[in-house]
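Chain by chain, the residues run as shown.
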Amino acid sequence: GAKFNHTKFVSNIHTNKMESGKWVLDTENTDEYTYREDIWAGYINGTYNLSKWNLMAGLRYELTSRDMTSKYFSSRTAKNNYNNFYPVLSAVYNIDKDKGHSLTLKYRYSITRPDFSSLVPFSAKQNIFTNLIGNPLLKPSYSYSAGIDLLLFHAFYFGLDYTKKKDAVELTILPREKNSLFIDVQFN
């Protein structure tokens, strides 16, 4: 199979701030931001039955191109391209199909892309004390997971899974000023 996804939109971010008792334009957080993302993906999968084994394997290739352009701040413009192969494998061994006993082995490598709200590099007020700030340079995070499952009598399930994340996106909390109640929460 194949998939193509194209996303493009323009955000006009207009922010005001209070200065000397008057609302004025917040030039640090006002901008016109163009976002474009193209995802090309191709995948293939197959299954094979061999005696008591049911085997499944799949492979997906993905190429993502992301372009975020700030009209007024060149430092807030980012272009990212990344591509990779993502396999998924599973093997089910039917210990006793009539009694409902089976053992499953599984492996998956996957991607999680940062969403648009975590990429936009402007300050958005979450509440009176907290501002949320995106990061246009965020890359995707990847996870590897493997597991083993045992099913008995079609009813009792026992499983053990392991997942490792690489380049996970985290939130960093920073005080706006020294000893201040106001904080910035940033994506890193």
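Just so it is clear, the structure is predicted and the values come from calculations on it, not from any experiment.

So, how was this worked out
Residues numbered from 1 in each chain as written. Predicted model: local features only at pLDDT ≥ 70, side-chain atom pairs only at ≥ 80, totals over all residues. Heavy atoms only, no water. Salt bridge = Lys/Arg side-chain N within 4 Å of Asp/Glu carboxyl O. Buried < 20%, exposed > 50% of the residue type's maximum accessible area, 1.4 Å probe, protein only. Phe/Tyr/Trp six-rings, centres within 6.5 Å; stacked < 30°, edge-to-face > 60°. Helix = DSSP H or I, 4+ residues; strand = E, 2+ residues; numbered from the N terminus. Lys NZ or Arg CZ within 6 Å of the ring centre and 35° of its normal.

S.K.: Can you help me understand the pattern of salt bridges in this one?
M.R.: Side chains that carry opposite charge are capable of pairing whenever their charged atoms lie near each other. Overall, the coordinates contain 10 salt bridges when judged by the stated rule. Between R36 and D38 there is a salt bridge, with its nearest N and O atoms 2.9 Å apart. Its relative accessible area of 5% is what places D38 among the buried residues. Taken together, the shared-partner salt bridges in this structure form one network comprising R60, E62 and R113.

S.K.: Could you clarify how one ought to interpret the packing of aromatic side chains in this entry?
M.R.: Describing an aromatic ring pair means giving the distance of the ring centres and the angle of the ring planes. Under the counting rule described, the total for this entry stands at nine aromatic pairs. An angle of 15 degrees between the planes, with centres 6.5 Å apart, marks the rings of Y86 and Y142 as stacked. Of this pair, Y86 sits in strand β6 (residues 78-96) while Y142 sits in strand β10 (residues 141-152), and the two are 56 residues apart along the sequence. Residue Y86 is classed as buried on the basis of its relative accessible area, which comes to 4%. Among the residues examined, Y142 registers a relative accessible area of 11% and is labelled buried. Connected via pairs of aromatic rings, a cluster forms that spans Y86, Y109, Y142 and Y144. The ring of F73 carries the charged tip of R76 above its face, separated from the ring centre by 4.2 Å.

Everything listed here is a matter of geometry and, on its own, says nothing about what the molecule does.
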